[in-house]
Amino acid sequence: MTKIEVLGTGCVKCKRLFDNVQAAVKELGIAAEVVKVEDLDAIVEAGVMLTPALFINGEVVSEGRVPDVNEIKSILSE
């Protein structure tokens, strides 16, 4: 199962990224665990300097911006 983490402090952009991830997963029909990480210590520990950040299976794929649903689908399809 794919593990997807959205790291951010709960700002509007972070919420939009989380929603986009959920939409992409639903549209692709894949099994994925989608987790929102809002704990500042955990975000810093992950090495994130700009939020929101998107991690897939422990690897950062986006940081400091909000990829749209189609871009997330493309990343997940790789």
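What you are looking at is a predicted structure, and each value in this text was computed from that prediction instead of being measured. (Residues numbered from 1 in each chain as written. Predicted model: local features only at pLDDT ≥ 70, side-chain atom pairs only at ≥ 80, totals over all residues. Heavy atoms only, no water.)

Novice: What's the story with helix α1 (residues 12–28) in this structure? I'm lost.
Specialist: Helical geometry: 3.6 residues make up each α-helical turn, so side chains three or four residues apart lie on a common side. With 17 residues, α1 extends 24 Å from end C-alpha to end C-alpha; this agrees with the ideal 24 Å at 1.5 Å per step. Along α1, the positions that sit buried rather than exposed are Cys14, Leu17, Phe18, Asn20, Val21, Ala24 and Val25. Looking down the long axis of α1, one finds its buried residues gathered within 160 degrees of arc, a one-sided arrangement. Opposite the buried face of α1, by more than 90 degrees, sit the exposed residues Val12, Lys26 and Glu27. Taken from the residues just after α1, Gly29 is the one with a positive phi, measuring 70 degrees. (Helix = DSSP H or I, 4+ residues; strand = E, 2+ residues; numbered from the N terminus. Expected span 1.5 Å × (residues − 1). Buried < 20%, exposed > 50% of the residue type's maximum accessible area, 1.4 Å probe, protein only. Arc of directions from axis to C-beta.)

Novice: What is the right way to read the environment of Val69 from this model?
Specialist: Tracing the backbone through its elements, the reader meets Val69 in helix α3 (residues 69–77). In the structure, Val69 is positioned 48 residues away from Val21 in sequence and 6.7 Å away in space, judged by C-alpha atoms. Residues contacting Val69, with those up to four places away along its chain left out, are Asn20, Ala23, Ala24 and Glu27. (Contact = heavy atoms within 4.5 Å.)

Novice: I tried to follow the pattern of salt bridges on my own but got confused; where do I start?
Specialist: Note that side chains of opposite charge can pair when their charged atoms are close. The final tally for this structure, using the stated rule, is three salt bridges. Close ionic contact of Lys36 with Glu38 constitutes a salt bridge, the shortest N to O distance being 4.0 Å. Given a relative accessible area of 35%, Lys36 falls into the partly exposed group. Linking Glu71 and Arg65 is a salt bridge whose minimum nitrogen-to-oxygen distance equals 2.4 Å. Owing to a relative accessible area of 39%, Arg65 belongs among the partly exposed residues under this scheme. (Salt bridge = Lys/Arg side-chain N within 4 Å of Asp/Glu carboxyl O.)

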